[in-house]
Amino acid sequence: SNPSADITAVVFPVPSVTITSSDSNNEICEGESITFTTAPSGLANYEFFNNGVSVQSGASNIYTTTALTSPNSIYVIATDNGCPSLASNTIVTAVIPAPVVTIVSSDNDSQICEGDNVTFTASPSGFVNYEFFENGISVQSGASNIYST
């Protein structure tokens, strides 16, 4: 009979991962940056999912986006030594849509001469803050939806 050689098996543990968000109350404005971080760091691969669709895969345990929309459901599956983890906890973030604002001028033909007094009104009223800009420079910020020159 042929003696068989001894085989030594190496058993790698299945990694266990958790995910946290940079936003403590899980509520952001549309277009705002949010970062999701997986612990522990140092594993071979982290694949981040949003609503079951892969959005990033690689060695980084950090996923940052400005494109999060509602509904969303972020989780991660990490792999180390060829062993994939179970899915991490899931984070759902409320994404508040950006308000749609229009602005009108008290000058009906929009031909304004230097020194003219003109009033600009943003609609709708009732938002917490309105910021008016002239040539990219903020000239008024506050609760008033009316700016006069």
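Check the entry above for the structure.
These numbers come from a predicted model, not from an experiment.

What about the overall build of the chain?
Secondary structure assignment for the chain yields zero helices and 14 strands. For the chain, whose C-alpha radius of gyration is 27 Å, the value lies well above the compact-globule estimate of 15 Å for 149 residues. Across its three principal directions, the C-alpha atoms of the chain cover 105 × 25 × 20 Å. Across the 149 residues in the chain, those meeting the buried criterion constitute 24%. Taking all contacts inside the chain whose residues are at least 6 apart in sequence as the whole, residues at least 24 apart take part in 46%. Entry remark: accessible area of the chain is about 9700 Å², with carbon and sulfur atoms responsible for 54%.

Brief notes about the pairing of strand S6 (residues 62-65)
Along S6, the buried face is formed by Tyr63 and Thr65; none of Ile62 and Thr64, which line the opposite face, is buried. Here strand S3 (residues 34-39) pairs with S6 via four bridges, running antiparallel. What sits directly across from Thr37, in S6, is Ile62.

Details of the sheet that holds S6
Consider a sheet: its strands pair through backbone hydrogen bonds, and that pairing is either parallel or antiparallel. With antiparallel pairing, three strands are arranged side by side in an open sheet as S1-S3-S6. Looking at which strands have only one partner, the edges of the open sheet turn out to be strand S1 (18-21) and S6. With direction set aside, neighbouring strand axes in the sheet form an average angle of 20 degrees.

A word on the nonpolar core
Ile19, Phe36, Tyr46, Phe48, Leu68 and Val76 are the most contacted members of the largest nonpolar core, which has 15 residues in total. Of all the secondary-structure elements, those providing two or more residues to this core are S3, strand S4 (45-50) and strand S7 (74-80). Per-element accounting of this core gives the leading share, three residues, to S7. Contacts of Tyr46, omitting those with residues within four sequence positions, involve Thr38, Pro40, Ser41, Gln56, Ser57, Gly58, Ala59, Ser60, Asn61, Val76, Ile77 and Ala78.

The rules behind these values
Residues numbered from 1 in each chain as written. Predicted model: local features only at pLDDT ≥ 70, side-chain atom pairs only at ≥ 80, totals over all residues. Heavy atoms only, no water. Helix = DSSP H or I, 4+ residues; strand = E, 2+ residues; numbered from the N terminus. Rg over C-alpha atoms; globule rule 2.2 N^0.38 Å. Buried < 20%, exposed > 50% of the residue type's maximum accessible area, 1.4 Å probe, protein only. Contact = heavy atoms within 4.5 Å. Areas by Shrake-Rupley, 256 points an atom, 1.4 Å probe, with all protein chains shown as cover. Pairing = 2+ DSSP bridges. Axes fitted to C-alpha atoms, helices over the stretch in contact; angles between N-to-C directions. Core = buried A, V, L, I, M, F, W, Y, C linked by side-chain atoms within 4.5 Å.

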